[in-house]
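# Geometric and topological summary
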Amino acid sequence: MKVDLRKAYDSIEWQFVEGMLVALEFPRTMINWIMQCLTSPYYSLALNGNQFGFFKGRRGLRQGDPMSSLLFTICLEYFTRILSVVTQRPDLRFHPMCRKLGLSHLAFADNLLLFCRGDLASVRVLMRAFLSFSEASGLRMNQDKSEMYMHGITPLATEAILQLSGFKIGIAWDTCCLPCDKGGLGIKHSLHWNLAVLGKYTWWISQKKDTLWVKWVHHLYIKQTNWWDYKATTNSSWTWRQVCRVKDILQSGFFLNGWLSKNYALGEVYDWLLIDYVQVSQKCVQELQQWLGYACQRELVSWLIDWRCRSLLQKKVVMAAFATLVYLIWFNRNTARVEGVV
C-alpha cells in the first residue's frame with residue numbers, strides 16, 4: 001500500500017509534536033525552544049494584491065525550515081512504534097518477501113509504503129494502525145493519491161480489500177513500461193533493455209563475427225558444438241554463463257523472427273521482450289504438445305507464434321481460434337475418457 005499524507009507539514013498538530021519530544025526525553029529547555037519556534041508564526045491572506053488579516057497559526061511545520069524535516073521524522077517514529085506492536089498480532093501476516101526481515105513499512109517524506117500479505121485481516125490491522133496514528137497526529141490520508149499494489153490475489157479478495165481501504169489499484173511497473181499506444185508510459189524496462197543489449201553478443205557469436213573475442217570463445221568454450229545447443233559448464237566465468245543465459249531466453253526470437261538473417265535490431269528485440277507474446281504463446285504450445293503427447297511440426301508452431309507479422313485484428317482472431325481448438329481438444333479428450341473410449 002502506498003499512503004500519501006495530505007498536506008503533511010501543514011496538518012501536523014503542535015501538541016502531538018510536543019508530546020513526542022517529551023516521550024523521547026528531550027531536555028525541557030530544548031523542547032521549549034523548539035515549541036517557541038514552532039508556534040510563533042502569523043499569517044495574512046493575499047487577495048487581489050492586498051493583504052488582509054493577521055492571525056496566529058494553530059498547527060503545522062514551517063515549510064523550508066531545516067528543523068521541520070527532523071521534527072516530521074520524529075513524529076513518524078510514533079507510527080513505527082505502533083506497527084512494532086501490531087506486527088506481533090497473529091492476524092497480521094507479513095508480506096512473503098518481508099517476513100524474514102520483519103519489514104512492515106517504509107517512509108519517504110510524506111509517503112508511506114505499507115507491506116503485508118494480501119488478505120483482508122492483515123490489511124485491516126494496518127489500516128487500524130494508521131487510523132490510530134492519524135487521530136493522534138492530525139495527519140490524514142490523501143485518498144486520491146493513495147494506491148494499492150497486489151499480485152496473486154483472487155478478484156473477490158481484491159474487491160474486499162479495496163472496499164476496506166478505499167484505495168485504488170496502482171499501476172504496475174510492467175504497465176508503465178509498455179508503449180504509450182498500448183496503455184503504458186513508454187518508460188524503458190531496465191531488465192528487458194539489458195537483455196536486449198546483451199542479446200547482441202549472442203548474435204555476434206552466432207554469426208561468428210571476425211573479432212578476436214568471438215574467435216576466443218569459439219576456441220575456448222564452444223569448440224565444435226552448435227552454439228544454440230551449447231550449455232555453459234559450472235566452472236565457466238559468471239560473465240560467460242550470463243551470455244549463455246541470455247542466449248537461451250532469446251533463442252526462440254532469433255529463429256521465429258528472422259533475427260539471424262539480418263542486422264541485430266536492438267529496438268525490435270526489446271519490444272519482443274516487453275510485450276512477451278512470443279514467449280507466452282510458445283510455452284502454451286509446448287505444454288499442449290507435451291499434454292497431448294504429440295510433437296507439432298516446426299512450421300505450424302512458427303505460424304501460431306510469429307505475432308510480429310500480424311495486425312492487431314489478426315492476432316485476436318488467431319488467439320480466439322487457438323483457444324477454441326484447445327477447448328475442443330480438452331472437451332473431446334475428457335468425453336472419450338468418461339465413455340471408456342481411451
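Residues numbered from 1 in each chain as written. Predicted model: local features only at pLDDT ≥ 70, side-chain atom pairs only at ≥ 80, totals over all residues. Heavy atoms only, no water.

### Observations regarding the pairing of strand β3 (residues 50-56)
Note the threshold: By this definition, two strands are paired if DSSP reports at least two bridges between them. Secondary structure elements are defined from DSSP: runs of H or I of at least 4 residues count as helices, runs of E of at least 2 residues count as strands, and each element is numbered from the N terminus.
Sheet analysis places strand β2 (residues 42-47) next to β3, joined by five bridges and oriented antiparallel. Counterpart to Y42 in the pairing with β3 is K56. Connecting the antiparallel pair β2 and β3 is a turn made up of two residues, with N48 showing a positive phi of about 55°.

### Remarks on a nonpolar patch on the surface
As a reminder, the rule being used: Exposure above 30% relative accessible area and the lack of any salt bridge qualify a residue for a patch; like charges then connect within 9 Å, and the nonpolar side chains Val, Leu, Ile, Met, Phe, Trp and Tyr within 5 Å. Exposure was quantified through the Shrake-Rupley algorithm and a 1.4 Å probe, taking into account, for residues, occlusion by the shown protein chains and nothing else. Think of a salt bridge as a Lys or Arg side-chain nitrogen and an Asp or Glu carboxyl oxygen that are within 4 Å of each other.
A cluster of nonpolar side chains, contributed by Y43, L45, L47, F52 and F55, occupies part of the molecular surface with about 500 Å² of accessible area. If you list the elements that add at least two residues to the nonpolar patch, you get β2 and β3. It is β2 that contributes the most residues to the nonpolar patch, three residues altogether. Tracing the backbone through its elements, the reader meets L45 in strand β2.

### Observations regarding the packing of aromatic side chains
For the record, the criterion: Geometry of aromatic contacts follows a simple scheme: Phe, Tyr and Trp rings, the Trp one being its six-membered ring, pair when their centres are within 6.5 Å, and the pair is stacked under 30 degrees between planes, edge-to-face over 60, tilted otherwise. Buried means the residue's accessible area, taken with a 1.4 Å probe over protein chains only, is under 20% of the maximum for its type, while exposed means over 50%, and partly exposed covers the values in between.
Evaluated as defined, the whole model comprises 22 aromatic pairs. For the pair F16 and F133, a centre-to-centre distance of 6.3 Å together with 75° between the ring planes defines the contact as edge-to-face. Here the residue F16 occupies a position in helix α2 (residues 14-23), and F133 occupies one in helix α5 (residues 120-137), the gap between them amounting to 117 residues. Assessed through its relative accessible area of 0%, F133 is described here as buried.

### Focus on unusual backbone geometry
The phi dihedral of E25 is positive, around 65°, even though this residue is not glycine. With respect to the helices and strands, the residue E25 is situated in the loop between α2 and α3 (28-38). Note on E25: relative accessible area 69%, which makes it exposed. We note that N48 has phi near 55°; this positive angle belongs to a residue other than glycine.

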